[in-house]
Amino acid sequence: MDTLQVIFLALIQGLTEFLPISSSAHLILPSQLLGWSDQGLSFDVAVNTGSLFAVVIYFRHDIVTLTKSWFGSLGGTQSQESKLAWWIILATIPAVIVGFTAKDFIETHFRNTLVIAITTIVFGLLLWVADRMSKAQLNEFQMGWKKALLIGFAQALALIPGTSRSGATMTAALMLGLTREAAARFSFLMSIPVSFGAAILVTKDLLESPASIDYQALGLGIVVSFIAAYVCIHYFLKFISQIGMTPFVIYRLLLGGVLLAMLYL
């Protein structure tokens, strides 16, 4: 890949990873519209690692507090932070199970433009319904383990390309009565263990692959993806209570329509 291609793809991944608009849908567009070849496994690892670094650094204080509180709970000291830490762990379990048992099936049968177009539209509409109907009363410390587990199932469902991990989890959280800010924060925090685990698995595949690696492109991809994701997280959390989910719903409907047009026109 040339430098422009690396920067463009890394920006797309970093900006769309945490917005409810589906990064997988966006990453297929450059190859479809510009005729670019597949960026390869090593580049996917790099840009996802950049996004992971961004969310970890942005929530570093929360992560330290949650980790300390979680260890404290093992000794019998309970707090709202320790409960949230347990709920994040619980919400991670469905995605881990589905990822291990259905990953190959999903990649074989669902990783195509038609599926991505349909899921982009359908889950965009669900996000709109959830945002309009949400009671928006609970913060992330008030949800309880049952709601956390249901949001975890939504995260597992998002393994289907085009669904959007952040979109599915925020949709579920809004339906369960969380505020927009709380839905976003919990979605971002619960992305960390899943993204970390996925990075390890994909890195393992990469190390076992005989393909050559362009370390300069990977380094640039990590940096650009990190910056884009960090900025995206900051401004999304800052403005989500004011703008709501409607702009993202409209964008998803337009994107799904473009993908369908690419297929049938």
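Residues numbered from 1 in each chain as written. Predicted model: local features only at pLDDT ≥ 70, side-chain atom pairs only at ≥ 80, totals over all residues. Heavy atoms only, no water.

Draft legend 1. Inspection of the overall build of the chain at higher detail. A tally of regular secondary structure across the chain gives 11 helices and 0 strands. Going from N to C terminus, the chain has its helices and strands arranged as α-α-α-α-α-α-α-α-α-α-α. Rg of the C-alpha trace for the chain: 18 Å, near the compact-globule value of 18 Å for 265 residues, within the 12% margin. Along the longest, intermediate and shortest principal axes, the C-alpha atoms of the chain span 55 × 40 × 35 Å. Counting over 265 residues, the chain shows a buried share of 46%. Taking the intrachain contacts of the chain between residues at least 6 apart in sequence as the baseline, contacts between residues at least 24 apart amount to 82%. When the accessible area of the chain is evaluated, it comes to approximately 13,200 Å², of which 68% is carbon and sulfur surface. Here the chain contributes 15 positively and 14 negatively charged side chains, and the mean placements of these two sets differ by 13 Å. (Helix = DSSP H or I, 4+ residues; strand = E, 2+ residues; numbered from the N terminus. Rg over C-alpha atoms; globule rule 2.2 N^0.38 Å. Buried < 20%, exposed > 50% of the residue type's maximum accessible area, 1.4 Å probe, protein only. Contact = heavy atoms within 4.5 Å. Areas by Shrake-Rupley, 256 points an atom, 1.4 Å probe, with all protein chains shown as cover. Lys, Arg positive; Asp, Glu negative; His and termini not counted. Charge placed at Lys NZ, Arg CZ, Asp CG, Glu CD.)

Draft legend 2. Focus on the packing of helix H6 (residues 113-133) against helix H8 (residues 165-175). One way to put it is that H6 packs onto H8 with a least axis distance of 8 Å and a crossing angle of 30°. By the angle between their directions, the pair H6 and H8 is classed as roughly parallel. As for how H6 packs across H8, the hand of that crossing is left-handed. Here Leu126, Leu127, Ala130 and Asp131 of H6 come into contact with H8, specifically with Gly167, Thr171, Leu174 and Met175. Looking at the contact of H6 with H8, its residues break down into 5 nonpolar, 2 polar and 1 charged. (Axes fitted to C-alpha atoms, helices over the stretch in contact; angles between N-to-C directions. Parallel < 35°, antiparallel > 145°, perpendicular 65-115°, else oblique. Left-handed = near helix turned anticlockwise from the far one by under 90°. Nonpolar A, V, L, I, M, F, W, Y, C, P; charged D, E, K, R; others polar.)

Draft legend 3. Summary view of a nonpolar patch on the surface. A contiguous nonpolar surface patch, about 630 Å² in accessible area, is contributed by Leu114, Ile118, Val122, Leu126, Met175, Leu263 and Tyr264. Going through the elements one at a time, H6 and helix H11 (246-264) are the ones with two or more residues in the nonpolar patch. Residue leucine 114 is classed as partly exposed on the basis of its relative accessible area, which comes to 33%. (Patch = residues over 30% accessible without salt bridge, like charges linked within 9 Å, V, L, I, M, F, W, Y side chains within 5 Å. Salt bridge = Lys/Arg side-chain N within 4 Å of Asp/Glu carboxyl O.)

Draft legend 4. Representation of the packing of aromatic side chains in the model. With the rule as written, the count across this model stands at 11 aromatic pairs. With a centroid separation of 6.3 Å and an interplanar angle of 50°, the aromatic rings of phenylalanine 59 and phenylalanine 188 are classed as tilted. With phenylalanine 59 in the loop between helix H3 (41-58) and helix H4 (60-74) and phenylalanine 188 in helix H9 (residues 180-208), this pair connects stretches of sequence that are 129 residues apart. Of the two residues examined, phenylalanine 59 and phenylalanine 188, each falls in the buried class. Ring plane angle 90° and centroid distance 5.8 Å describe the contact between phenylalanine 105 and phenylalanine 110, whose orientation is recorded as edge-to-face. For phenylalanine 110, a relative accessible area of 28% translates into the label partly exposed. Three or more aromatic residues joined by ring pairs form one cluster here, namely Phe18, Tyr58, Phe59, Phe188, Phe226, Tyr230, Phe236 and Phe248. (Phe/Tyr/Trp six-rings, centres within 6.5 Å; stacked < 30°, edge-to-face > 60°.)

Draft legend 5. View of the environment of alanine 199. By the element assignment, alanine 199 lies in helix H9. You can call alanine 199 buried: its relative accessible area is 17%. A C-alpha to C-alpha distance of 33 Å links alanine 199 and alanine 136, two positions 63 residues apart in sequence.

Draft legend 6. Region of interest: unusual backbone geometry. Non-glycine residue serine 22 carries a positive phi angle of around 75°. Among the residues examined, serine 22 registers a relative accessible area of 1% and is labelled buried. One non-glycine residue, alanine 136, lies in positive phi territory at about 50°. Along the polypeptide, alanine 136 turns up in the loop between H6 and helix H7 (144-157). Relative accessible area serves as the criterion here: at 40%, alanine 136 is assigned to the partly exposed category.

Draft legend 7. Geometry of the pattern of salt bridges. With the rule as written, the count across this model stands at 3 salt bridges. A salt bridge links aspartate 62 to arginine 185; the nearest nitrogen and oxygen atoms lie 2.7 Å apart. Placement of the pair is aspartate 62 in helix H4 and arginine 185 in helix H9, with a sequence separation of 123 residues. Given a relative accessible area of 23%, arginine 185 falls into the partly exposed group. When the shortest N-O distance is used, the salt bridge between arginine 180 and aspartate 131 registers 2.9 Å. Of the two residues, arginine 180 sits in helix H9 while aspartate 131 sits in helix H6, which places them 49 residues apart along the sequence. Each of the salt bridges in this network shares a partner with another, and the network as a whole consists of Asp62, Glu140 and Arg185.

Draft legend 8. Here's a closer look at the nonpolar core. Among the nonpolar cores identified, the biggest contains 44 residues, and Val55, Phe186, Phe188, Phe236 and Met245 are the most heavily contacted of them. Residue assignment for this core shows that the elements contributing at least two residues are H3, helix H5 (80-109), H6, H7, H8, H9, helix H10 (215-243) and H11. The element that contributes the greatest number of residues to this core is H9, accounting for 8 residues. If we skip the residues at most four places from it in the chain, phenylalanine 188 touches Phe18, Val55, Phe59, Arg165, Ile233, Phe236 and Leu237. In this structure, Phe43, Ala46, Ala217 and Leu218 belong to the second largest nonpolar core, which totals 11 residues. (Core = buried A, V, L, I, M, F, W, Y, C linked by side-chain atoms within 4.5 Å.)

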